[in-house]
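Structural overview for review
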Amino acid sequence: MASSHLHFKTNYAVSSKIEPFYKGGRVQISKDENYIFCTCGSRVNVLEISTGKIVHSVEHDDQEDITCFALSSDDELLVTASRALLLKQWDWRQAQCTRSWRAIHTAPVASMTFDSTSTLLATGGCDGTIKLWDVVKQYCTHNLRGSSGVIQLVQFHPDIDRLQLFSSSMDCSIRIWDLSSSQCVCVLQSHYSAVTSLSFSLDGDTMVSSGRDKICTVWDLKQQKAKRTIPIYEAVEGAVILPENQDFSQIGVKKPKLHFITAGSKGILRVWDPNTARCVFSQTLTGVSAADNPRSLTHLLLLPASLRLATVTAEHNIMLYQLPGLTTLQQFVGYSDEVLDVKFLGKDDSHIVVATNSCQLNVFELASNSCQILYGHTDTILSLDVFRKGLLFASCGKDKLVCVWHMAGGSVRCVARGYSHTNAVGAVSCSRMKASFVVSGSLDCTVKVWDLPADLTAAEDNIHQLTPRATEKAHDKDVNSVTVSPNDKLLASASQDRTAKLWSLAGEGSLGLLGVCRGHRRGVWAVCFSPVDQVLATSSADGTTKLWSLQDFSCLKTFEGHDASVLKVIFVSRGTQLLTSGSDGLVKLWTIKTNECVKTLDAHQDKVWGLHGSRRDDKMVTGSADSNITVWEDVTEIEMAEEQAKQEEHILKQQELSNLLQEKKYLKALGLAISLDQPHTVLTVIKAIRQTEDNSELLEKTVLKLRVDQKEALLRFCVAWNTNAKNCQDAQVVLQVLLTHVPPEELLQYQGARTHLEALVPYTERHMQRIGRLLQASMFLNYMWQKMRVVGEPSSMDQDEEMDTGLLAQPFLTTDKERE
């Protein structure tokens, strides 16, 4: 085995998490353009755009799903509505509910918005009514009736002086409500399907509406009629008018007139000139053809201060674009399905690549959580592996395809593909010395070795076609895992047939079988080479992890601790320790020499399919079927430094305590001893006080001068002392001071006081019984000694020395006297 003088790892701490934050529904961006608000079941999550992390989250106590929410125009108030017909007002920065009230709606709230003054809140319900609420004076100001069906959209006119509210319902018409008279003053009819958005010009006289009927309508609000209807040829989910007095020539805006951008089912942004009813710019998709585009857009939001656009896809991804060129800035993945594999990527492990239960790959930048989505597979991706330098990686999936990807400048593209397997490819492994070949294992029971061309990354647009140099029927059942040895000379494979096999890669046209590892009772999920020893590790569905010798293929060690299948195993600490992950959601750290589990990490609620260590061996990343990805940092050295600092501090305090006792500064000594939180040290101080003259008075003064928290600790220590007959007298003396001078109502306010007092009673009763028995026994012994003296011998005891035996005048003793 490897050298044992290395510092073993003892613990990992969560460094960062990538977890689902959006599962569909409303999305809103704060006015300062720093935060994204979105719904996730019974929560509203607040995502910080600069870091991509969830910084705040509010959740209804009743666990009911949130149907709608709205953020006020000044970013101060957040109001949510749930299926329980309850409205809640939040201080979202503190995640505190400041007010809740029952909605007057008879059905859930479907839409909601604030006016520009952040005073009025409009709610549109599934019951066809609209309520207006004064959130300052806390009462309902309007109840607007007349719409048919669900109110899908409510929006105030940006000019508050007009006191107008716009709404749209199932009848596909747009109603204008005059809030001063609470009447519908106009019904705008143009759409034949649901109206999805309204956008107003800067002067407030023009409005653009979009709908799923594949049209956008430009409205003249002064004359309250349609100016032009523009066919868009896709279901439009959002439309925004471009800001005026800006140069948008890069996206086809040649004249400073009204233009707007649409987003819809085609998944692209397009710029329209309403005067000519023509599309002047269409976004070009990258990485996927328009025919196969799965990224239909559901929301389009304008960030006017920074000239950015935000879009939300049907796959719950949020993308930010910079105007005027519509360049991609950031992309956040709101929800991922089960994580099937995850690996570190980049020179300094700055990224991670994630395979989920889909045909796309997600590449996350850990610093910002921004994600690049890779398209290339046509079915679920099952496995990943990364080459040594971290810029090339391979993937495989149910589409029988092996792909090789290259990352350059933060952008990733596919550079090679291999088609040869006849069934899903469930395992892939890259060469370790240099990027020369890839090995794949399939459900067709074969293992293939694919040679990579030397100019793999030279051509930008060309994708190399890989051909296998070797194909071997390796197992009788599915191949679950393959791995290449550190020197690129050996290959190990693991299968559902309960075996792991070792192969030689030296041959040109075939793989040479070197040996078989047999011993697992169920299928083997993962196999891994030690980085320094001739040892192979396997993990199995039988709940065990085994270590095998490459010399004679015998089992060296077996690690048992998982309650279910062990899905992944990797070596860490230069081959002296193992990390395993299982179907029980646990990650365990094992020390090979002692054959023991030194740490169990519980951060996932489901199967942990992904497990990978960084090249520096200071981090690891896990991915689970609960859709969470966790980055862990090795905190062993930090904990060792903290422990050493604590020990040094403890030594200094002990020395100071000794000095205080010598100087007879008992109050400071007792306070210092309590701060060490060591009952024995505090007991030493109590004994020192009791050895002084007038010890009762001194102890009483010292204890009563302590702070309340120090008295609480002293009461807790008394419970520990009282369990030992040697120290019970010290405990009882301290208890006498506390019970005599501290009022009962104050004593019961101490933390855990009731529990401590209940624990004192049985031991105190036991001590009293023991003392009673001891007293009786001592008196009986003295009586027997007096009666055993030789009759007639003059007593050597004076009258004053004789013990009073009156307490022993029991009936049987009287009989003895009569006999004498």
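So, here's what we can say about the structure. What you see is a predicted model; the values in this text were computed from it and never measured.

What counts and what doesn't
- Every chain is numbered independently, its residues counted from 1 as its sequence is written.
- In keeping with the predicted nature of the model, local features appear solely for residues at pLDDT of at least 70, side-chain atom pairs appear and are counted solely at 80 or more, and the whole-chain, interface and lining totals rest on all residues.
- In computing side-chain properties, one takes all heavy atoms of the structure into account and sets aside hydrogens as well as water.
- Secondary structure elements follow DSSP: runs of H or I of four or more residues count as helices, runs of E of two or more count as strands, with numbering from the N terminus.
- Only protein chains enter the accessibility calculation, which uses a 1.4 Å probe; a residue whose area is less than 20% of its type maximum is buried, one above 50% is exposed, and one in between is partly exposed.
- For Phe, Tyr and Trp, rings pair up if their centres lie within 6.5 Å, where Trp contributes its six-membered ring, and each pair is then called stacked (planes under 30 degrees apart), edge-to-face (over 60) or tilted (otherwise).
- Think of it as a cone above the ring: NZ of Lys or CZ of Arg counts as a charge over the ring if it is within 6 Å of the ring centre and within 35 degrees of the ring normal.
- Each reported salt bridge corresponds to a side-chain nitrogen of Lys or Arg within 4 Å of a carboxyl oxygen of Asp or Glu.
- For a helix, the expected span equals 1.5 Å multiplied by the residue count minus one.
- When checking whether two residues touch, look at their non-hydrogen atoms; a contact exists if any pair is within 4.5 Å.
- A 1.4 Å probe that fits into a set of points on a 1 Å grid over the protein atoms alone but cannot get out defines a cavity; an open set with protein on both sides within 12 Å along at least five of seven lines defines a pocket, and lining residues are those with an atom within 4 Å of a point.
- Grid points are joined across faces, edges and corners, and a volume is the space filled by probe spheres set on the points.
- Following the grouping adopted for this structure description, the nonpolar residues are Ala, Val, Leu, Ile, Met, Phe, Trp, Tyr, Cys and Pro, the charged ones are Asp, Glu, Lys and Arg, and the polar ones are all others, Gly among them.
- A pair of strands is labelled paired if DSSP reports no fewer than 2 bridges between them.
- Only the stretch in contact is used when fitting a helix axis, every axis being a line fitted to C-alpha atoms; angles between N-to-C directions are given from 0 to 180 degrees.

1. Overview of the environment of Arg295
Considering the arrangement of structural elements, one finds Arg295 in the loop between β25 (278–282) and β26 (297–303). On the basis of relative accessibility, which here comes to 12%, the residue Arg295 falls in the buried class. Taking the C-alpha atoms as reference points, Arg295 and Asp488, separated by 193 residues in sequence, lie 40 Å from one another.

2. Some thoughts on the packing of aromatic side chains
Evaluated as defined, the whole model comprises eight aromatic pairs. For the ring pair Tyr35 and Trp92, a centre distance of 5.6 Å and an interplane angle of 70 degrees mean the geometry is edge-to-face. Of the two residues, Tyr35 sits in strand β3 (residues 35–40) while Trp92 sits in the loop between β8 (86–91) and β9 (96–102), which places them 57 residues apart along the sequence. Given the relative accessible area of 1%, Trp92 is considered buried. On the basis of an interplanar angle of 35 degrees and a centroid distance of 6.4 Å, the ring pair of Phe717 and Trp721 is categorised as tilted. A residue pair is termed a helical-turn pair when its members lie 3 or 4 positions apart in one helix, as Phe717 and Trp721 do in helix α5 (residues 708–722) at four residues. There is no split in this pair, since Phe717 and Trp721 are both buried. Among the aromatic residues, ring-to-ring pairing joins Tyr35, Phe37 and Trp92 into one connected group. Directly above the ring of Trp101 sits Arg99, whose terminal nitrogen or CZ lies 3.8 Å from the centroid. For the cation-ring pair, Arg469 lies above Phe437, with the distance from its terminal atom to the ring centre recorded as 5.3 Å.

3. Structural notes on the pattern of salt bridges
Applying the stated criterion across every chain, the model contains 24 salt bridges. Ionic pairing is found between Arg162 and Asp159, a salt bridge with its closest N-O pair at 3.6 Å. By relative accessible area, Asp159 is classed as partly exposed at 31%. Ionic pairing is found between Glu697 and Lys701, a salt bridge with its closest N-O pair at 3.2 Å. Of this pair, Glu697 and Lys701 both sit in helix α4 (residues 695–704), separated by four residues, roughly a single helical turn.

4. Notes on helix α6 (residues 728–741)
For α6, which comprises 14 residues, the first-to-last C-alpha distance of 20 Å matches the rise-based estimate of 20 Å (1.5 Å per residue) to within 8%. Taken residue by residue, α6 has Cys728, Asp730, Ala731, Val734, Leu735, Val737 and Leu738 as its buried positions. Among the structural elements, α3 (679–690), α4, α5 and α8 (753–787) are those in contact with the buried residues of α6.

5. Details of empty space enclosed by the protein
Rolled over the atoms, a probe with the dimensions of a water molecule shows which regions are left empty. This structure, assessed with the given rule, holds one cavity of 30 Å³ or more. Each pocket or cavity is described by its volume, and for the largest cavity that value is around 50 Å³. Taken together, Ile18, Glu19, Pro20, Val333, Gly334, Tyr335, Ser336, Phe364, Ser627 and Ile629 make up the lining of the largest cavity. Across the lining of the largest cavity, the residue classes break down as six nonpolar, three polar and one charged.

6. Observations regarding the sheet that holds strand β57 (residues 629–634)
One key point about sheets: their strands pair by backbone hydrogen bonds, in either a parallel or an antiparallel sense. One open sheet holds the four strands; their spatial order is β1-β57-β56-β55, and the pairing between them is antiparallel. The open sheet has two edge strands with one neighbour each: β1 (12–18) and β55 (608–613). Put simply, the sheet's adjacent strands are angled 20 degrees from each other on average, direction ignored. Bridge count between β1 and β57: six bridges; the pairing is antiparallel. Of the residues in β57, the one forming a bridge with Ile18 is Ile629.

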